[in-house]
Amino acid sequence: MTREESYSLFRERRVCVLIPTYNNAKSVGKVIEDVLYYTDQIVVVNDGSTDETHKVLSRFPQINVLSHPTNKGKGLALRNGFARAVEAGYEYAISIDSDGQHFPDDLPRFIETLNDHPRAIIVGARNMDQSSVPGKSSFGNNFSNFWFKLETGISISDTQSGYRLYPIKELQSMRFFTRKYEFEIEVLVRAAWKGIEVTQVPVKVFYPAKEERVSHFRPFRDFTRISILNSVLVLITFLYIKPRDLFRSFKKKTSGRWSGSTYSTRPNLIP
């Protein structure tokens, strides 16, 4: 796909790239430059950065920037980014992290998958088996995958990937309650409960050496938040979602039987 074809495709499909960022001044500029090869439909949410991020973003007058006066958390940055994108007329948003972990040359993969899954959240599934993946990331991802399968019945290999395509118009009517990293779990589970497809596409991932990594994930606090969220979601699953789905399935079956019985006894009206 040429650059011109990519630019045209993003506009035609009303897809933007959403970049939430917090104190990633050293990497966010390069991420934007690489994304600009594929599209200029870019929304950046500067989530209260206290470094030189605002100066870096000022170098790109062609992008749509939303700034939080203070740090609100990745979840709220994404949620407000969705709202800004909808206001700008987009129907889809591909979120990509600003730390350089994701490769913008995988962006066309999401567009290609969108053709067959126009209402889906498309998760960029990373290769978590490579040696550079931190142990805590691999454990956290396996932990998250297990709970997601329990809560939705859906198996995907990377529920913690931040590289995703969201059908933001489909999500418009939903009201979310999380604001931090756990939002990326909440949105997957609750979208699945609503009947929105959740699928995945393989993407590359880069993890720098340990001493060079910049992460705002706080293992104890954020893991605790995610655990609490999963506890709540599991309760809802077994107390409401599964009974609801069982009732709907039963109603559909009985409705079909009644309909079949009605038509089988209807007199022949053909003259």
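Residues numbered from 1 in each chain as written. Predicted model: local features only at pLDDT ≥ 70, side-chain atom pairs only at ≥ 80, totals over all residues. Heavy atoms only, no water.

*Asks:* Just give me the short version of the side chain of Thr39, but keep the residues and values in it.
*Replies:* Mapping Thr39 onto the fold places it in the loop between α2 (25-35) and β2 (42-47). On the accessibility criterion, Thr39 (0% relative accessible area) is buried. Contacts of Thr39, omitting those with residues within four sequence positions, involve Tyr7, Phe10 and Val17. (Helix = DSSP H or I, 4+ residues; strand = E, 2+ residues; numbered from the N terminus. Buried < 20%, exposed > 50% of the residue type's maximum accessible area, 1.4 Å probe, protein only. Contact = heavy atoms within 4.5 Å.)

*Asks:* How would you sum up the packing of aromatic side chains? Please name residues and give values.
*Replies:* As enumerated under the stated definition, the model contains 7 aromatic pairs in all. For the ring pair Tyr37 and Tyr38, a centre distance of 5.0 Å and an interplane angle of 75 degrees mean the geometry is edge-to-face. A relative accessible area of 15% means that Tyr38 is categorised as buried. Centre to centre, the rings of Phe176 and Phe183 are 5.2 Å apart; their planes meet at 85 degrees, and the pair counts as edge-to-face. Owing to a relative accessible area of 13%, Phe176 belongs among the buried residues under this scheme. Here Phe183 falls in the buried class, since its relative accessible area comes to 0%. Here the aromatic residues Phe82, Tyr166, Phe176 and Phe183 are joined through ring pairs into a cluster of three or more. (Phe/Tyr/Trp six-rings, centres within 6.5 Å; stacked < 30°, edge-to-face > 60°.)

*Asks:* How would you explain unusual backbone geometry if you had to name every residue and give the values?
*Replies:* Even without being a glycine, Arg14 presents a positive backbone phi close to 55 degrees. Backbone geometry places Asn23, a non-glycine residue, at a positive phi of 55 degrees. Mapped onto the elements of the fold, Asn23 is located in the loop between β1 (15-21) and α2.

*Asks:* Describe the nonpolar core, with residues and values.
*Replies:* Nonpolar side chains tend toward joint burial in soluble globular proteins. Judged by nonpolar contacts, the single largest core of 33 residues is most densely connected at Phe82, Ile121, Tyr166 and Leu171. Elements with a contribution of two residues or more to this core: β1, β2, α4 (74-87), β5 (121-125), α7 (168-171), α8 (183-193) and α9 (219-265). Among the elements that make up this core, the one with the highest residue count is α8 (8 residues). Once you skip the residues sitting within four places of it in the chain, Tyr166 turns out to touch Leu78, Phe82, Glu91, Tyr92, Ala93, Ser95, Ile121, Leu171, Glu184 and Val187. (Core = buried A, V, L, I, M, F, W, Y, C linked by side-chain atoms within 4.5 Å.)

*Asks:* Provide a residue-level description of the layout of surface pockets, including the pertinent values.
*Replies:* Roughly 230 Å³ of volume is contained in the second largest pocket. Those elements giving two or more residues to the lining of the second largest pocket turn out to be α4 and α7. Sorting elements by how many residues they give to the lining of the second largest pocket places α4 first, with 5 residues. Along the lines of polarity and charge, the residues of the lining of the second largest pocket split into 7 nonpolar, 2 polar and 2 charged. (1 Å grid on protein atoms, 1.4 Å probe; cavity = no way out; pocket = protein on both sides within 12 Å on 5 of 7 lines; lining within 4 Å. Points joined across faces, edges and corners; volume = space filled by probe spheres on them. Nonpolar A, V, L, I, M, F, W, Y, C, P; charged D, E, K, R; others polar.)

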